[in-house]
Amino acid sequence: MSGASARLEDLSACFQGIIPAIIATCSADGEPNVTYLSQVYYVDSRHVALSCQFFNKTRRNVDENPYATVLVHHPVDFELWRLRLRFQHCETEGELFERMSMRIQVIASHTGMSGVFRLLSSDVYEVLSVERMEGFLAPAESELDLAPPVSSGPLTELRGVQLVSGRIARAPDLDSLLRGALEALDETLGFSHSMILVPDDRGDRLVTIATRGYGTVGTTAEAMGRADADTRESDVLGADTHSRGGTGAEVTLGGGIGAEVTVGGGIGAEVQVGDGTIGTAAEHRHMIKVTGMGSELRYGRAIRDRIEECGDAEGLSAEIPLPGLPDAQAQLALPLLARDRLVGVIAVESEDPLAFDEWDEAFLQILANQIALGIDRMQDEEEQDSGDGEDAGTKAETEVETKSQSTSTPTAATPVTAPDRSLETHHAFVYYPNDDCVFVDGEYLIRNVPGKILWKLLREFDESGRTEFTNRELRLDESLGLPPVKDNLEARLILLRKRLVARCPGVRLVPVRRGRFALEIDGAITLEEKECGA
Amino acid sequence: MIPPELFEFIESGVSVLVGTRDARLFPDGCRAIGARVEDNGAGLTVFLPDATSAGVRANLEDNRRIAIGFSRPADHRTIQIKGAVTRLHLADDRDRECIDRYRVNLDESWSMVGVPSRFTERAAHWPAWSAFVRVEGIFLQTPGPGAGAPLGQESPK
């Protein structure tokens, strides 16, 4: 029975991939074909695009006979809608192709099929009619059987935008900016699981420097609604599950936050650019949303199994665990761009497959722009402060030196707080110069530029008792390898500070004032340099 | 012929999709509400809900050509059977038993992928039509390489 017609744009939820669509086609000699579809993409009010990953029977049929019928379920009320289509053309490049391709790239990377499972073309169809299949669902017997209404509205989001932009504008430093933005997203807009990552010094990875909703230091899996932290920690590639080996500490977490989430709020978790939702957003510098993760992953795994059965497994790699939430059903990642520079990625996720609608995408894009500009502004101000010439730096150093004259150690600065150097606590730091990696008490702590910075601070403290340092002197220290401009130093210090809080709370970096911080150490430390594998 | 190892799969709680076409080769489709293997695999009865299969039935009256996809939601294992419908009539009590059993199994398999029972229970199922299909071809349809190839000829390397 044919039913009520509708506008294509009113069915956007049907195209989120939460419930697979069905396509019926027919060959030129009159043989029908029916199968599931992996992706129906809304193009405009009169067109949809279907993904083509394999030149299969469906594709051969529409090359011969352009008509198709697609059935899509609405994911909220499960109603079935019929789209009658006519194939128009296929696209193998351009914005539409890139957008559809990114989504497949995410699933491919999560299921270890990067480069193997990919979009061949975006097949564009004209929509001839849209109608509900009347009678597919019997009337609900009670209101309980009806799907809950989806609440979303511009007023709530506008207040959220107002709050976030206000916090960004008032933030005195980068840490406050990031924390304030994620708090506001949670408190006003309900994005309770979010993270911000910044590029590392090589630019091929992103490092998590702010999270919300993944627990904090010492938080267990129970706080995240999970029963078994140990199980979780063992089934993902966790930064802290790696022991020291001959090739350096590997802390890549693929799609995002993994085991690390259970113990340190995910700070320090890394994502390879190009991997998963977050890495793909960074690589393409484009927002990406993946909904119906469960359905998409099942589809991807089915293809992976078939590839293995066909003997092509050599092109496959290990499956990448999903980001923080074990049951994430929707992920949205947005690149943070200041002019043409990637300053980070903000990602939100939810266990609700319908958590993010088009409206969310629109205002999150606005917020992402604000956060990106805020980060960029912080970096400019930071560098300006440091570069305010020799005067500012010299003055600061003079102050330090003046204070140091009153101490027993000629070259040491005055400690901000007297460290407790009792022997009751002791931390053994080991530095591996091959990859600038620091371990504390046998556990991985941090690496790369933040690792070098920490080692510099610890050595100066150990050799001279010095406890106060400036950002400027770090910038001037060529051994740290900071780039001459946009060095991201503040982000690296935030990462270092948070990793210490999570892993070694007896050693702290405490901001004193803008561009200056103190190293506080409880108990005693020992420092040792080792070669990899030693 | 449907190989015996597929009998159980076809009659389990897999999604059953039906494709047909009209005289102008315009395709149409609907969800079926179960299937039963007949004649030791030479035939198949597929059950079409009256409420949603008017177009499909009109096509079958016109040209008899049918494609039926069987897909397991949990892992997308899918086969497609093609053939000709030789009988089409209102489902009887014996068919009703199959349909009721299928609905229980479907609820279980859809629940595994997150479709709530409140939807499965409301899905159109009765009255229904029984379409007897003479099997002419069976194809692998699981997504990935080899999809669309005749069963047993998926050309593994």
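Residues numbered from 1 in each chain as written. Chains lettered and ligands numbered in written order. Predicted model: local features only at pLDDT ≥ 70, side-chain atom pairs only at ≥ 80, totals over all residues.

Chain B has the name Pyridoxamine 5'-phosphate oxidase family protein in an unreviewed UniProt entry, where Eiseniibacteriota bacterium is given as its organism.

For chain A, the name recorded in an unreviewed UniProt entry is GAF domain-containing protein, with Eiseniibacteriota bacterium as its organism.

## Re the confidence of the model for chain B
Counted only if it meets this: Scored from 0 to 100, pLDDT reflects the predictor's confidence in each residue.
Within chain B, residue pLDDT values average 92, and 97% of them lie at 70 or more. The complex model carries a pTM of 0.69, and its ipTM stands at 0.95.

## As for the sheet that holds strand β11 (residues 270-272) of chain A
All names here are of chain A. Convention followed: By the convention used here, strands pair only if DSSP detects at least 2 bridges between them. Every helix listed is a DSSP run of H or I at least four residues long, and every strand listed is a run of E at least two residues long, numbered separately from the N terminus. Note on geometry: axes are lines fitted to C-alpha atoms, helical ones only across the stretch in contact, with angles between N-to-C directions running from 0 to 180 degrees.
In space, the six strands of this open sheet follow the order β11-β10-β9-β14-β13-β12, with antiparallel pairing throughout. Among the strands making up the open sheet, the edge pair consists of β11 and β12 (288-291). Adjacent strand axes in the sheet meet at a mean angle of 25° when their direction is disregarded. As paired strands, strand β13 (residues 330-338) and strand β14 (residues 341-350) are joined by nine bridges and run antiparallel to one another. Of the residues in β14, the one forming a bridge with Leu-337 is Leu-342.

## As for the pairing of strand β15 (residues 426-432) of chain A
Residue and element names in this part refer to chain A. With six bridges connecting them, β15 and strand β21 (residues 524-529) associate as parallel partners. Bridging from a neighbouring strand, His-427 pairs with Ile-525 of β21. Judged from the four bridges that link them, β15 and strand β16 (residues 437-440) form a sheet pairing that is antiparallel. Opposite Tyr-431, over in β16, you have Val-438 as the bridge partner. Hairpin geometry of β15 and β16 is characterised by an intervening segment of four residues between the two adjacent antiparallel strands and by a positive phi of about 50° at Asp-436.

## Digging into the sheet that holds strand β18 (residues 468-470) of chain A
All names here are of chain A. Strand order across the open sheet formed by three strands is β18-β20-β19, with antiparallel pairing between neighbours. Sheet topology places β18 and β19 (507-513) at the edges, where each strand pairs with a single neighbour. Taking the axes of each pair of neighbouring strands and ignoring which way they run, one obtains an average angle of 30° across the sheet.

## Section: the interface of chain B and chain A
Threshold: We call two residues in contact if the C-beta atoms placed from their backbones are at most 7 Å apart. Under the grouping applied here, Gly and all other residues not named as nonpolar or charged are polar, the nonpolar ones being Ala, Val, Leu, Ile, Met, Phe, Trp, Tyr, Cys and Pro and the charged ones Asp, Glu, Lys and Arg.
Across the boundary between the two partners, chain B contributes 41 residues, which contact 41 residues of chain A. For the side of chain B that touches chain A, the elements supplying multiple residues, two or more each, are β1 (15-21), β2 (27-31), α2 (54-63), β5 (65-71), β6 (78-90) and α4 (117-120) of chain B. Of the residues assigned to the side of chain B that touches chain A, the class counts are 18 nonpolar, 15 polar and eight charged.

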